[in-house]
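# What the coordinates show
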Amino acid sequence: MAKQYILPPISLAERKDYSFRVRAWNETYAHATGKSRKCFVLTFGCQQNEADSEKIAGMAEEMGYEITATPEEADLIMVNTCAIREHAEKKALSIIGQYKHIRAKNPDLIIGVCGCMTAQDHRREELKMKYPYVTFTLGTASLHHFPKVLWDVIEQKRRFITTESEEDFTKTVAECAPIRRESGYRAWVSIMYGCNNFCSYCIVPYCRGRERSRAKEDIIREVRELVEAGYREITLLGQNVNSYGKGSDCDFADLVAELDTIEGDWWLSFMTSHPKDASRKLIDVMAAGKHIARRFHLPLQSGNDRVLKAMNRHYDMAKYLDTVTYMREKMPDVVITSDIIVGFPGETEEEFGDTLKALETVRFDMLYSFIYSPRKGTPAAEMEQVPDVVKGNRFDRLMATQNAIAAEKNLPMEGKTVRVLCDGESKGNPEVYSGRTEGGKIVFFPGIPDMTGKFISVRIDRTEAFALWGETAE
Ligand code: 5AD
Ligand code: SF4
């Protein structure tokens, strides 16, 4: 393995200083040519990555770049990658491969790759050896080094394939960077970073390091400012939000309860919860809440206790069902969604049957289903694998079961009027607008531009498994 460059610690003042140096370099160029240098940010993966990309774009803007939606006109391309499944990595590598042509036309183009993929030694090595036009890499915990690494690239005219230091993995990077928010009414707020759970299939703890929580005061200030600025939905993000504040005097339920006191017309949601830590205290806070969306994403992963144990999940079906029952007792209208992995190593037909049964028992409103993908370095990748055809077949059956349940669950909404946060024109048809309910369900209705970013009442007249349709109502 080639030598890797471990980033030395950097203070906030140093970060700013490097940011201003790049800015000065960009301003000189703009004066000379009459045009600004442009930065294109491409994001793969989860909401945490979307939130990180808003910081990357924020820092790029601070450094004097104009953000562009067109990679062909960019002077700086940042690819924020995901490593959760092989498919995500392949897709990112394929797009990075296509940037070779843009670089051939513009030899000054700088290409940075960050996110979970670059946290893995073998992927950094691959980027270094097989993608010579990738100028630098940056790990998930070292986003705040972006201006310094970029400056080094510019000044020294060389590549930097970097590795984060142990120290970076103990920090929360949120406070270190300006944020360029994609939306003016929905906002992500990271409350913690990393994961300590080491589910046997999952790469995240290796890419994002150990759990660390942001200070409560910083989160409350950020959320308050967003509500005051007119944001309508604020989603708290963390790999396992339920372990927020461990060891401090403020746990996740306390944090949510405190945020709920912020006045205004807004929804507070959060993701992701781990079933082993989803507490009754949190459910009680939600049930009593004024702003807390009655929506719970509670990844089950499998409906079989042996598989759950092999996944290192630390709960069984009985515990999971107990939480769901309590939740529905306290909030009969709660929308419960989940993640399921099919074809985990060693999963038998009978064990998969237990997952299908679990879907019938719990009756999730929505399900995100995944075919198990072996991740290098995780324990499950070393276990006896289920053949691809079997995995594919189970996936199809899982989807069919869930689709029927979701359709049945949505049917009673016909004739009801729901509150929807409008997202503007739907993809494909500018006359049809889309929005989401408090539970996160997508709704289509005829709309006008003024509705975007506002709460709208919609009377539902048709439902399917994945969407609701209606007319705006008073
Ligand atoms: N293969 C398939 N799905 C995975 N997930 C995490 N790791 C893997 C993997 N190796 C799924 C889990 C998790 C969601 C974000 O991604 O269901 O909850
Ligand atoms: Fe991965 Fe499990 Fe951590 Fe979620 S809780 S990020 S599935 S290790």
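Starting from 1, residues in each chain are numbered consecutively following that chain's sequence as written. For this description, chains carry letters from A and ligands carry numbers from 1, given in the order in which they are written. Note on the predicted model: pLDDT of at least 70 is required for a residue's local features to be given, and 80 or more for side-chain atom pairs to be given and counted; whole-chain, interface and lining totals, by contrast, use all residues. Computation of side-chain values covers all heavy atoms of the structure but excludes hydrogens and water.

Summary of the distance rule: residues count as near a molecule or strand when at least one heavy atom falls within 4 Å of that molecule or strand. The local shell around ligand 1 consists of Ile-84, Arg-85, Tyr-201, Gln-301, Asp-339, Ile-341, Phe-370, Ile-371, Tyr-372, Ser-373 and Arg-375. Definition of a polar contact: a pair of N or O atoms within 3.5 Å, with one able to donate and the other able to accept a hydrogen when the atoms are protein atoms, and with sequence-neighbouring residues admitted only if both atoms are side-chain atoms. The contact in question runs from an oxygen atom of ligand 1 to an N or O atom on the side chain of Gln-301, over 2.7 Å. The contact in question runs from an oxygen atom of ligand 1 to an N or O atom on the side chain of Asp-339, over 2.6 Å. Note on areas: these come from Shrake-Rupley sampling with a 1.4 Å probe, and a residue is covered only by the protein chains present in the view. Relative to its unbound accessible area of 400 Å², ligand 1 is 86% covered by the protein chains. Mapped by element, the contributors of at least two residues to the shell around ligand 1 are strand S14 (335-342) and strand S15 (366-371). Each residue belonging to the shell around ligand 1 can be placed in one class, and the counts come to 6 nonpolar, 2 polar and 3 charged. Secondary structure elements are defined from DSSP: runs of H or I of at least 4 residues count as helices, runs of E of at least 2 residues count as strands, and each element is numbered from the N terminus. In this count, Pro and Cys sit with the nonpolar residues alongside Ala, Val, Leu, Ile, Met, Phe, Trp and Tyr, while Asp, Glu, Lys and Arg are called charged and the others, Gly among them, polar.

What follows concerns the side chain of Arg-123. Looking at the element boundaries, Arg-123 is found in helix H4 (residues 121-130). Contacts are residue-level and defined by heavy atoms, with any inter-residue pair within 4.5 Å sufficient. Apart from residues lying up to four places away in sequence, Arg-123 is in contact with Glu-89, Leu-93 and Met-117.

Moving on to the sheet that holds strand S2 (residues 38-43). For two strands to pair, DSSP has to find at least two bridges joining them. The parallel open sheet is built from 7 strands, whose spatial order is S1-S7-S6-S5-S4-S2-S3. Every other strand in the sheet has two partners, leaving strand S1 (5-6) and strand S3 (66-67) as the edge strands with one partner each. Looking at chain direction, strand S6 (residues 136-138) and strand S7 (residues 160-163) are connected through 2 bridges and run parallel. Bridge pairing in S7 places Phe-136 opposite Phe-160. In the packing of helix H2 (residues 47-62) onto the sheet, the strands contacted are S2, S3, strand S4 (76-81) and strand S5 (110-115), and the crossing angle to S2 comes to about 175°. Structural elements are reduced to axes, namely lines fitted to C-alpha atoms, with helices fitted over the stretch in contact, and the angle between N-to-C directions of any two is expressed from 0 to 180 degrees.

With that settled, the discussion passes to the pairing of S7. Taken residue by residue, a regular strand's side chains alternate between the two faces of the sheet. For the exposure calls, accessible area comes from a 1.4 Å probe over protein chains only, and a residue counts as buried if that area is under 20% of its type's maximum, exposed if over 50%, partly exposed in between. The alternating pattern of S7 places Phe-160 and Thr-162 and Ile-161 and Thr-163 on opposite faces, both of which are buried. Relative to S7, S1 is paired through 2 bridges, and the arrangement is parallel. Looking across to S7, one finds that Ile-6 is bridged to Thr-163. By definition, the crossover connecting two strands over a helix is right-handed if that path, from the first strand to the second, turns clockwise as seen with the strands pointing away from the viewer. Between the parallel pair S6 and S7, the chain is carried across by helix H5 (residues 146-156), and the sense of this crossover is left-handed.

What follows deals with H2. An expected span of 1.5 Å times one less than the residue number is assigned to each helix. Between its terminal C-alpha atoms H2 stretches 23 Å, which fits the 22 Å expected from 16 residues at 1.5 Å a residue. Of all the 16 residues making up H2, 13 are buried; the element is thus mostly covered by neighbouring parts of the structure. Looking at the residues trailing H2, positive phi occurs at Gly-64, about 90°.

Here the focus is the packing of aromatic side chains. Aromatic ring pairs: the centre-centre distance and the angle between the two ring planes describe each pair. Working definition: a ring pair exists when centres of Phe, Tyr or Trp rings (six-membered ring for Trp) sit within 6.5 Å. Plane angles under 30 degrees give stacked, over 60 give edge-to-face, the rest tilted. On inspection of all chains with the given rule, the structure shows 11 aromatic pairs. Measuring from ring centre to ring centre gives 5.1 Å for Phe-252 and Phe-270, while their planes differ by 80°; the resulting arrangement is edge-to-face. With a gap of 18 residues between them, Phe-252 in helix H8 (residues 252-259) and Phe-270 in strand S12 (residues 267-271) connect regions that are remote in the sequence. Note on Phe-252: relative accessible area 1%, which makes it buried.

A pair of packed helices is characterised by two quantities: the angle between their axes and the separation of those axes. Relative to each other, helix H12 (residues 349-362) and helix H13 (residues 388-410) sit at 15°, their axes nearing to 10 Å. Comparing their axes, H13 and H12 come out roughly parallel. As for how H12 packs across H13, the hand of that crossing is right-handed. Of the residues in H13, those touching H12 at Glu-349, Phe-352, Thr-355, Leu-356, Leu-359 and Glu-360 are Arg-394, Arg-397, Leu-398, Thr-401, Gln-402 and Ile-405. The residue makeup of the contact of H12 with H13, split by class, is 5 nonpolar, 3 polar and 4 charged. An angle counts as roughly parallel when it lies under 35 degrees, as roughly antiparallel when it exceeds 145, as roughly perpendicular when it falls between 65 and 115, and as oblique in every other case. It is the rotation of the near helix from the far one that decides the hand of a crossing: anticlockwise by less than a right angle makes it left-handed, clockwise makes it right-handed.

Once that is clear, we can look at the domain arrangement of the protein chain. For the purposes of this description, domain bounds are those given by an automatic or database domain assignment. Here the protein chain is described as being made up of domain 1 (4-170), domain 2 (183-293), domain 3 (299-413) and domain 4 (414-472). We count a salt bridge whenever a side-chain nitrogen from Lys or Arg sits within 4 Å of a carboxyl oxygen from Asp or Glu. Connecting domain 3 to domain 4 are 1 salt bridge. Note that Asp-365 is salt-bridged to Lys-441, the shortest N-O span being 2.8 Å. Counting across the domain 3 and domain 4 interface gives 9 residue pairs in polar contact (both at pLDDT 80 or more). For the side of domain 3 that touches domain 4, the per-class residue count stands at 7 nonpolar, 2 polar and 1 charged.

Two side chains carrying opposite charge are able to pair once their charged atoms lie near each other. Inspection of every chain in the model, using the stated rule, returns 36 salt bridges. The closest approach of N and O atoms between Glu-222 and Arg-214, which form a salt bridge, is 2.9 Å. The same class applies to Glu-222 as to Arg-214, namely buried. Linking Asp-251 and Lys-281 is a salt bridge whose minimum nitrogen-to-oxygen distance equals 2.9 Å. One end of the pair, Asp-251, is in the loop between strand S11 (233-237) and H8; the other, Lys-281, is in helix H9 (residues 280-288), and 30 residues separate them in sequence. Relative accessible area serves as the criterion here: at 30%, Asp-251 is assigned to the partly exposed category. One network of salt bridges, in which partners are shared, links Glu-54, Arg-181, Arg-214 and Glu-222.

Ligand 2 sits among Cys-195, Asn-197, Phe-198, Cys-199, Tyr-201, Cys-202, Val-204, Pro-205, Gln-239, His-274 and Arg-313. Taken together, the residues of the shell around ligand 2 break down into 7 nonpolar, 3 polar and 1 charged.

Right, let's get into helix H11 (residues 317-330). Under the 1.5 Å per step criterion, the end-to-end length of H11 is 20 Å for 14 residues, consistent within 8% with the ideal 20 Å. Of all the residues in H11, the buried ones are Met-317, Tyr-320, Thr-323, Val-324, Tyr-326 and Met-327. Of the surrounding elements, those touching the buried residues of H11 are H9, strand S13 (295-297), helix H10 (305-310), S14 and H12.

It is worth spelling out the nonpolar core at this point. Grouped together as the largest cluster of nonpolar side chains are 65 residues, with contacts concentrated most on Ile-191, Val-223, Leu-236, Phe-252 and Leu-255. Split by domain, this core shows at least three residues from each of two domains, domain 2 (183-293) and domain 3 (299-413). By size, the runner-up hydrophobic cluster in this structure holds 27 residues, among which are Val-22, Ala-57, Met-63 and Ile-154. Side-chain atoms within 4.5 Å link the members of a nonpolar core, which is a set of buried Ala, Val, Leu, Ile, Met, Phe, Trp, Tyr and Cys residues.

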